[in-house]
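Here is what each chain is made of, one letter per residue.
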Amino acid sequence: MLKATLRSFLAHKGRLLLSALAVVLSVAFVSGSLIFSDTVTRTFDRLFASTSADVTVEPKDDLNSNVPSGATQTVPAALAGQVARVDGVASAHADVSVENITVVDSDHKSVGPTTGAPTIATDWYVTDRSPVKLTSGHAPQGAGQAMLDADTADKKHVKIGDTLTVMAQPGSFDVEIVGIATFTTTNPGAALVFLDPKVAATELLGSADKATGVSVDAAPGVSDAVLKERITAALGSGPYDVKTADEQAESSAASLGGFLDVIKYVMLGFAGIAVLVGVFLIVNTFSMLIAQRTRELGLLRALGADRRQVRRSVLTEAVLLGLVGSTLGLAAGIGLAAGLIKLMSAFGMNLKTTEMVVGWGTPVVAYAVGVGVTFVAAYLPARRAATVSPMAALADADIAGVGRPLKVRAIVGSVVGALGAAALLGCVTAAKTASAASLLGLGVVLTLIATVIAGPLLVRPVIRVLGGAFPALFGPVGRMSQRNALRNPRRTGATAAALMVGLALVGGMSVASASMSKSFDEQIDKTLGADFVIQNANFTPFSREVTDAVRDTDGVGLVVRQRFAPLAVRLPDGKRVETTASGYDDQVDDVAHITYAQGDSAAALADGAIGMDVDFAKDHGVKLGSVLPVEFPGDRATSLKVGALTDQEAADGFGMEGGLFLGMGTVEKYVPDGQDSALYVNAAPGTSAEQLRPRLERTLDPYPQVQVRDQADYKKLVHDQIAVLLYLVYALLGLAIVIAVLGVVNTLALSVVERTREIGLLRAIGLGRRQLRRMIRLESVVIAVFGAVLGLALGLVWGVCIQQVLALQGMKALAVPWGTIVAVVIGSAVVGVVAALLPALRASRMNVLAAIAHE
């Protein structure tokens, strides 16, 4: 049996190759994502471990430090002296390092990464742990001098002697580049500017008495853990975090983890699509191969092979296919990881392929996925093959299920479909976002399973409609192509299912994204009343001089500032919610249209007051006039009175969770070093918006990070952000289409072999080669369009349900992108034509007499 299995596998290796490609793709994405993330993690672990001080003292991060408030958390510079006196400390240095800066050259062009990595200004302090070394020029000495890292200098064409402008929170200042420093470790992609330690705190923090932390070197023989205990005891209960080198490295790695997780989950999403679609392809391939080997299997049974041996033989072929696919997929995954590493280098993160990490877990996962998928996919065809009696097989009875009733599928599909429909109906009627999202996920899974199960039941009615015009357009050839697609509903349904999965995903996300875009457009039209909004490209705060420059621009009337403030609020129900509030100037009603359930802007923006969303207030027992304890960064705390409750369509219209907003006076009092994150600008009387825009753009020319946007620009910005998600879905669709094409090619190729004698007889009675190719192409087109119709119908239902979930968050507009829907259907027909090219060509080249004699 083993010999027979191996010979059968090698005899069909060409047909199995297409199925193996699905395994290769899924394993490649899984292994590639694991190798890439392991490599980046190992590289940065080494970087953080080699550059972390023995002990560091930092401001305590008791609130969300990622909130773009513009304020830098600091410690007293004198803390370094206090720490230096602790027993076991060899040296202590007051560090100055800030990321909320912008650096521009003499042409007002940004000198810094464009990939989202930070621009960091720090004091030049050389230790054995420094990630850079001076390679040309000299260290900065006094005010007006600076060094730049070599990678940034090379990319931005900066050389020694050039003058740069550094825009920091206290204000802008010019520096001459007097030296270049080169990374001795991995460059994480950031731009580094080094200043003289004597002036860094004054220039970057506004005072020589401030620092961003203290780096401590341990004396010989003193462990990091012991030194941490001593420093913690010496500092008492002050607002400081004391960390060992290992803890600091772990904290730094954790902040990088979010970036790595995004890449890993995206790639695993591709792998999941490849696995899901590949299952249909493998099931179809093995079902057809077994159908074509009916006589062979019958002979094996007649010679004494029992059912278990036949089943084991088919599953052994599947395992061999999985092993080959997994091996090739693992190799492709290594290549994919190498490509990602090269891509990261292009974005400034200089990783090395020579340091690629292939952990023991990667091959284990790769083979588990590859072999597991093929084994599971081949199990049903193997069971079906084992249930055929020797006499039925010798009689060449069809075991592929051509004539078998579909009652079981109808019952199971109906039950699962009903459960899925009930879940989606519950999603639509749910009042809470969490429960609606859970029901949506359940409904999507169940309806997808139901459609796959019941797909063959829909083949005959749907394809009769889709191919109804074929006889009139193409005559007998069109009629035969339609009947060929109807001949085996199971096979047609499984082939179309591969395409259906991808198109259902695209249909649902297209409706969701179009609805989001329309909702945001309506929300912007309703709420934004300013002529222009001034913001950084990445929404980070900007220095106060930008605000002053805008106010001084000729033709500017009203300027309303917005700032973000991290805070924690204690609510009447006992919960402590950490969120972000927005601070506004008093004239906010002149630049925004706000709907209030109770109160007004004047009450919400008054000193000692706060406003919030009415639904958030109801959920937590807050009423107008309630007094709430509020905590701000730096251990600043107060109590604020609820002055107004908003009833905006988007609950987070004024901030993050809760829609909290404050007066600018309150924000400046409790977040004193904050920066403006946006300016809402109206033209002065007598100046039109068209006249004001070029003046604002000229004013902001020295600040390339700041952009002027009107309502149309704002809408485009939102659309572009939503499009990023849609592009990912389209990429998933592309992968699904590639595998679906393989499935159609495989099905048609095996179908041509199965119908060899039939094709020979058709040729003998006068069917031309061109007509034969057309017949196979039309069969392929109708199968592909059938999959597209099912997928898009399912996707539209999903999309409407997703929009209902979004409506609970205020995005109530529903939009269906009919242009995309039509384009996908047309594209599916093209996919069908492309998939049929090789099988049709092979069929047309058959020798007529040999085909008639084929058994």
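Residues numbered from 1 in each chain as written. Predicted model: local features only at pLDDT ≥ 70, side-chain atom pairs only at ≥ 80, totals over all residues. Heavy atoms only, no water.

A. Fine view of the overall build of the chain. Along the backbone of the chain there are 26 helices and 24 strands. Seen along its three principal axes, the alpha-carbon backbone of the chain occupies a region of about 95 × 65 × 55 Å. Expressed as a percentage of its 855 residues, the buried residues of the chain come to 51%. Within the chain, counting contacts between residues at least 6 apart in sequence, those at least 24 apart form 82% of the total. (Helix = DSSP H or I, 4+ residues; strand = E, 2+ residues; numbered from the N terminus. Buried < 20%, exposed > 50% of the residue type's maximum accessible area, 1.4 Å probe, protein only. Contact = heavy atoms within 4.5 Å.)

B. Region of interest: the state of the cysteines. Tallying each qualifying case throughout the model produces zero disulfides. With no disulfide partner, Cys801 has as its closest neighbouring cysteine sulfur the one in Cys427, 5.1 Å distant. Looking at Cys801, the relative accessible area reads 5%, which means it is buried. (Disulfide = S-S within 2.5 Å.)

C. Geometry of the side chain of Gln145. Within the secondary structure, Gln145 sits in strand β8 (residues 145-149). For Gln145, the side chain forms a polar contact with the main-chain nitrogen of Gln141, separated by 2.9 Å. In contact with Gln145, other than residues within four places in its own chain, are His138, Ala139, Pro140, Val175, Glu176, Val178, Phe194 and Leu195. (Polar contact = N/O pair within 3.5 Å; in protein donor to acceptor, adjacent residues only side chain to side chain.)

D. Expanded view of the packing of helix α22 (residues 711-754) against helix α25 (residues 818-844). It is the contact of α22 with α25, at a shortest axis distance of 9 Å, that shows an interaxial angle of 35°. The two elements α22 and α25 meet at a crossing, and its hand is right-handed. Residues Tyr730, Ile737, Val741, Val744, Val745, Leu748, Ala749, Val752 and Val753 of α22 form the contact with α25, whose participating residues are Thr820, Val831, Ala835, Ala836, Pro839, Arg842 and Ala843. (Axes fitted to C-alpha atoms, helices over the stretch in contact; angles between N-to-C directions. Left-handed = near helix turned anticlockwise from the far one by under 90°.)

E. Representation of the packing of aromatic side chains. The tally for this structure, following the rule as stated, stands at three aromatic pairs. Taking the centre distance of 5.1 Å and the plane angle of 80° together, the rings of Trp124 and Phe194 count as edge-to-face. Here Phe194 lies in strand β11 (residues 191-195) and Trp124 lies in the loop between β6 (119-123) and β7 (132-137), a separation of 70 residues in the sequence. Both residues of the pair, Trp124 and Phe194, count as buried. Look at Phe470 and Phe474: their rings are 5.9 Å apart centre to centre, the planes differ by 80°, and that puts the pair in the edge-to-face class. (Phe/Tyr/Trp six-rings, centres within 6.5 Å; stacked < 30°, edge-to-face > 60°.)

F. Region of the structure containing the confidence of the model for the chain. Averaged over every residue, the pLDDT of the chain is 83; the share at 70 or more is 92%. Scored below 50 in pLDDT, residues 396-403 shows 18 contacts in the model against residues more than four places distant or in partner chains. Low pLDDT, under 50, characterises residues 651-655; the stretch is placed with 16 contacts to residues that sit more than four places away or in other chains. (pLDDT = per-residue confidence, 0-100.)

G. Local environment of a nonpolar patch on the surface. A cluster of nonpolar side chains, namely Val822, Ile826, Val830, Val833, Val834 and Leu837, defines an oily patch on the protein surface of about 500 Å² accessible area. Its place among the elements puts Leu837 in helix α25. (Patch = residues over 30% accessible without salt bridge, like charges linked within 9 Å, V, L, I, M, F, W, Y side chains within 5 Å. Areas by Shrake-Rupley, 256 points an atom, 1.4 Å probe, with all protein chains shown as cover. Salt bridge = Lys/Arg side-chain N within 4 Å of Asp/Glu carboxyl O.)

H. Local environment of α25. Over its 27 residues, α25 extends 38 Å from the first C-alpha to the last, a length consistent with the 39 Å expected when each residue adds 1.5 Å. Of all the bends in α25, the largest measures some 40° and sits at Leu837, one to four residues before the proline Pro839. Listed as buried for α25 are Ile821, Val824, Ser828, Val831, Gly832, Ala835, Ala836, Pro839, Ala840, Ala843 and Ser844. Against α16 (489-527), α22, α23 (756-764) and α24 (769-807) lie the buried residues of α25. (Expected span 1.5 Å × (residues − 1). Bend = angle between axes of the 7 residues up to and from the residue.)

I. Just the pattern of salt bridges, in detail. The final tally for this structure, using the stated rule, is 21 salt bridges. Between Lys432 and Asp619 there is a salt bridge, with its nearest N and O atoms 3.9 Å apart. One end of the pair, Lys432, is in the loop between α12 (407-429) and α13 (433-466); the other, Asp619, is in helix α19 (residues 614-619), with 187 residues separating them in the sequence. Looking at Lys432, the relative accessible area reads 51%, which means it is exposed.

J. Representation of unusual backbone geometry within the structure. Positive phi outside glycine occurs at His108, with the angle close to 65°. The topology assignment puts His108 in the loop between β5 (102-104) and β6. The exposure class of His108 is partly exposed, given its relative accessible area of 30%. Of note in the backbone geometry, His157 takes a positive phi value of approximately 60° without being a glycine. Note that His157 resides in the loop between α4 (150-155) and β9 (163-167). For His157, a relative accessible area of 69% translates into the label exposed.

K. View of the side chain of Ser513. Mapped onto the secondary structure, Ser513 falls in helix α16. Contact partners of Ser513, with chain neighbours within four places excluded, come to Ile722 and Leu726.

L. Main features of α12. In a regular helix each residue adds 1.5 Å, so 23 residues correspond to 33 Å; α12 covers 33 Å between its end C-alpha atoms and thus fits that length. Taken together, the buried positions of α12 are occupied by Gly413, Val416, Gly417, Gly420, Ala423, Leu424, Gly426 and Cys427. Contacts made by the buried residues of α12 are with α13 and α24.

M. View of the environment of Asp607. Relative to the assigned elements, Asp607 resides in the loop between α18 (601-604) and β19 (609-613). Along the backbone, Asp607 and Lys641 are 34 residues apart, and their C-alpha atoms lie at a distance of 9.3 Å. Not counting chain neighbours up to four residues away, the residues in contact with Asp607 comprise Gly665 and Thr666.

N. Structural detail: the nonpolar core. Ranked by size, the top nonpolar core spans 111 residues in total, and within it Phe36, Val588, Tyr680 and Ile776 carry the most contacts. Considering every element that reaches this core, the biggest residue donor is α24, with 17 residues. Excluding anything up to four places from it in sequence, Val588 contacts Val560, Ile594, Ser601 and Leu605. (Core = buried A, V, L, I, M, F, W, Y, C linked by side-chain atoms within 4.5 Å.)

O. Quick look at the environment of Ala201. Tracing the backbone shows Ala201 in helix α5 (residues 197-205). By relative accessible area, Ala201 is classed as buried at 8%. In sequence terms Ala201 and Asp123 are 78 residues apart; their C-alpha atoms lie 8.1 Å from each other. Once residues lying within four places of it in the same chain are set aside, the contact partners of Ala201 are Val96, Gly206, Ser207, Ala208 and Lys210.

P. Expanded view of the sheet that holds strand β1 (residues 55-59). Taken together, four strands build an open sheet; the order of strands is β3-β13-β1-β14 and the sheet is antiparallel. The sheet is open, and its two borders are formed by β3 (89-95) and β14 (240-244), each paired with just one other strand. Strand-to-strand, the axes of this sheet are offset by a mean angle of 20°, without reference to chain direction. Packed onto the sheet, helix α6 (residues 224-235) meets β1, β3, β13 (213-218) and β14 and runs at close to 165° relative to β14. (Pairing = 2+ DSSP bridges.)

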